[in-house]
Amino acid sequence: QVQLVESGGGLVQPGGSLRLSCAPSGRTLSSYAMGWFRQAPGKEREFVAGISRGGGTTDYSDSVKGRFTISRDNPKNTVYLQMNSLKPEDTAVYYCAASVQAILIRSTIPNFWGQGTQVTVSS
């Protein structure tokens, strides 16, 4: 079992930025492809971004492409989601996810999930 711990959520104004972080508890990050999903009130959970084990390949949803960047620092055992130019429609609970596959893309079903961190974009 892998426990994923997210941090970095909060309240930000439209156009602002936030960086989310996720670290696996007691496990080596490099063993997993990683990703971020989100779920807005009344909507289904959706894929946001994914990254391969080594960090060389990424995938993004069309709604965040060009604004969000997923990255990983394996020596620091942490994966990040840099979110820029935030919009009210980005408001959601953001979940970190891990997969035993080589890469986590939009069609991947993750093996492990974090508890989620709230991101609210509002003026």
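Residues numbered from 1 in each chain as written. Predicted model: local features only at pLDDT ≥ 70, side-chain atom pairs only at ≥ 80, totals over all residues. Heavy atoms only, no water.

A.B. asks: Provide a residue-level description of the overall build of the chain, including the pertinent values.
C.D. replies: Of regular secondary structure, the chain possesses 0 helices and 11 strands. Mapped from its N terminus to its C terminus, the chain presents α and β elements in the order β-β-β-β-β-β-β-β-β-β-β. The globule rule puts the C-alpha radius of gyration for 123 residues at 14 Å, and the 13 Å found for the chain is close to it. By principal-axis analysis of the C-alpha atoms, the chain measures approximately 40 × 25 × 25 Å. For the chain, restricting intrachain contacts to residue pairs at least 6 apart in sequence, the fraction spanning at least 24 positions comes to 58%. Looking at the chain as shown, the accessible area adds up to about 6,100 Å², and 46% of this sits on carbon and sulfur atoms. Taken as two groups, the 12 positive and 8 negative side-chain charges of the chain have centres that lie 5 Å from each other. (Helix = DSSP H or I, 4+ residues; strand = E, 2+ residues; numbered from the N terminus. Rg over C-alpha atoms; globule rule 2.2 N^0.38 Å. Contact = heavy atoms within 4.5 Å. Areas by Shrake-Rupley, 256 points an atom, 1.4 Å probe, with all protein chains shown as cover. Lys, Arg positive; Asp, Glu negative; His and termini not counted. Charge placed at Lys NZ, Arg CZ, Asp CG, Glu CD.)

A.B. asks: Tell me what's going on with the sheet that holds strand E3 (residues 18-25), and back it up with residues and numbers.
C.D. replies: Backbone hydrogen bonds hold the strands of a sheet together, and the pairing may be parallel or antiparallel. Pairing within the open sheet is antiparallel, and its 4 strands lie in the order E1-E3-E8-E7. Strands with a single pairing partner mark the edges of an open sheet, and in this sheet they are strand E1 (3-7) and strand E7 (68-73). Neighbour-to-neighbour, the strand axes of this sheet turn through a mean angle of 20 degrees, independent of strand direction. Taken together, the 5 bridges between E3 and strand E8 (residues 78-83) define a ladder with antiparallel strand orientation. (Pairing = 2+ DSSP bridges. Axes fitted to C-alpha atoms, helices over the stretch in contact; angles between N-to-C directions.)

A.B. asks: Outline the nonpolar core, listing residues and values.
C.D. replies: Core analysis: the largest hydrophobic core is formed by 29 residues, its most contacted members being Met34, Trp36, Leu81, Met83 and Tyr94. Breaking this core down by element, the ones donating at least two residues are E3, strand E4 (33-39), strand E5 (46-51), E7, E8, strand E9 (92-99) and strand E11 (117-121). No other element matches the 4 residues that E9 contributes to this core. Judged by nonpolar contacts, the second largest core, of 5 residues, contains Ala33, Phe47, Ala97 and Leu104. (Core = buried A, V, L, I, M, F, W, Y, C linked by side-chain atoms within 4.5 Å. Buried < 20%, exposed > 50% of the residue type's maximum accessible area, 1.4 Å probe, protein only.)

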